[in-house]
Amino acid sequence: MDDQSTPTLYTWAGGAPALARLTEAFYRRVAEDEVLAPVFAGMDPGHAHHVALWLGEVFGGPAAYTEERGGYEFMLSQHLGRAITEEQRRRWLDLIMDAADEVALPDDPEFRAAFVSYLEWGTRLAVRNSAVDATPFHEAPVPKWGWGEAPPYVQ
Ligand code: HEM
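Residues numbered from 1 in each chain as written. Predicted model: local features only at pLDDT ≥ 70, side-chain atom pairs only at ≥ 80, totals over all residues. Heavy atoms only, no water.

Overview of the overall build of the chain
Phase 1: Across its full length, the chain carries 7 helices and 0 strands.
Phase 2: Taken from the N to the C terminus, the helices and strands of the chain come in the order α-α-α-α-α-α-α.
Phase 3: Its C-alpha atoms give the chain a radius of gyration of 15 Å, near enough to 15 Å, the size a compact globule of 155 residues would have.
Phase 4: With the C-alpha coordinates aligned to their principal axes, the bounding extent of the chain is approximately 50 × 35 × 25 Å.
Phase 5: Taking the intrachain contacts of the chain between residues at least 6 apart in sequence as the baseline, contacts between residues at least 24 apart amount to 75%.
Phase 6: Distance from the positive charge centre (12 side chains) to the negative charge centre (24 side chains) of the chain: 4 Å. (Helix = DSSP H or I, 4+ residues; strand = E, 2+ residues; numbered from the N terminus. Rg over C-alpha atoms; globule rule 2.2 N^0.38 Å. Contact = heavy atoms within 4.5 Å. Lys, Arg positive; Asp, Glu negative; His and termini not counted. Charge placed at Lys NZ, Arg CZ, Asp CG, Glu CD.)

Next up, the structure:
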């Protein structure tokens, strides 16, 4: 498979409907979780949808988060000063991987390796950027995540 015919992670995942199912399942779990429920207690009712748009844009789908929410800068602003702990970060990651299984996102090694790679990176960045003394760049492009070292192999 060459670069032009390799689907994006967004397409491979199942596009916007699959990511919407993922974030809905994830935030249902968050609401019942003793570590994360307090963190998200006051969240915007559209939060799951907005995070699905963000993930779609990162994984090579349309720039819907940038158009609807203001892109990187707004996402960053939502994390500033929250002082996210390692325990909260790890729970966030565990619950979204559980949600990925629940909604049957593709479970091939290539997709899951790329998926968890972004989430590991993104959650660690969220911890850093949410620290009370953080000085992150306020304007940056929305990251674009691809397959990394192990794209789908087709003979
Ligand atoms: C890859 C990791 C992450 C991604 C992609 C992500 C994505 C986002 C996005 C896109 C928003 C803004 C949604 C909007 O436009 O309204 C947001 C807000 C928020 N995030 Fe994250 N986030 C990540 C990690 C975390 C972690 C680890 C925590 C805490 C444990 C966290 C807590 C929050 C909270 C509390 C908000 C505000 C919710 C609201 O009031 O609506 N995030 N996140």
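Quick word on the UniProt feature "binding site: heme" (unreviewed entry) in the chain
Phase 1: Here the UniProt feature "binding site: heme" (unreviewed entry) sits at H50.
Phase 2: Along the chain, H50 turns up in helix α3 (residues 47-58).
Phase 3: The class of H50 is buried, set by a relative accessible area of 13%.
Phase 4: If we skip the residues at most four places from it in the chain, H50 touches D44, Y65 and R69. (UniProt positions renumbered as here; feature names shortened; annotations may be inferred. Buried < 20%, exposed > 50% of the residue type's maximum accessible area, 1.4 Å probe, protein only.)

Observations concerning helix α7 (residues 109-130)
Phase 1: The terminal C-alpha atoms of α7, which comprises 22 residues, lie 31 Å apart, in line with the 32 Å expected from a rise of 1.5 Å per residue.
Phase 2: Regarding α7, the residues found buried are F111, R112, A114, F115, Y118, L119, T123, A126, N129 and S130. Along the long axis of α7, the arc covered by the buried residues comes to 160°, so they all point the same way. Exposed positions of α7 whose direction lies more than 90 degrees from the buried face are P109 and R128.
Phase 3: Residues of α7 that are buried make contact with α1 (9-13), α2 (15-31), α3, α5 (71-79) and α6 (86-102). (Expected span 1.5 Å × (residues − 1). Arc of directions from axis to C-beta.)

Observations regarding the site of the ligand
Phase 1: In the vicinity of the ligand lie 23 residues, with F40, D44, Y65, R69 and H79 positioned nearest.
Phase 2: A distance of 3.5 Å separates an oxygen atom of the ligand from a polar atom in the side chain of H47.
Phase 3: Residue assignment for the shell around the ligand shows that the elements contributing at least two residues are α3, α4 (64-69), α5, α6 and α7.
Phase 4: Class assignment of the residues belonging to the shell around the ligand gives a composition of 13 nonpolar, 7 polar and 3 charged. (Near = heavy atom within 4 Å. Polar contact = N/O pair within 3.5 Å; in protein donor to acceptor, adjacent residues only side chain to side chain. Nonpolar A, V, L, I, M, F, W, Y, C, P; charged D, E, K, R; others polar.)

Things to note about the environment of S77
Phase 1: Along the chain, the position of S77 falls in helix α5.
Phase 2: Its relative accessible area of 33% is what places S77 among the partly exposed residues.
Phase 3: The spatial distance from the C-alpha of S77 to the C-alpha of H138 is 8.1 Å, given a sequence separation of 61 residues.

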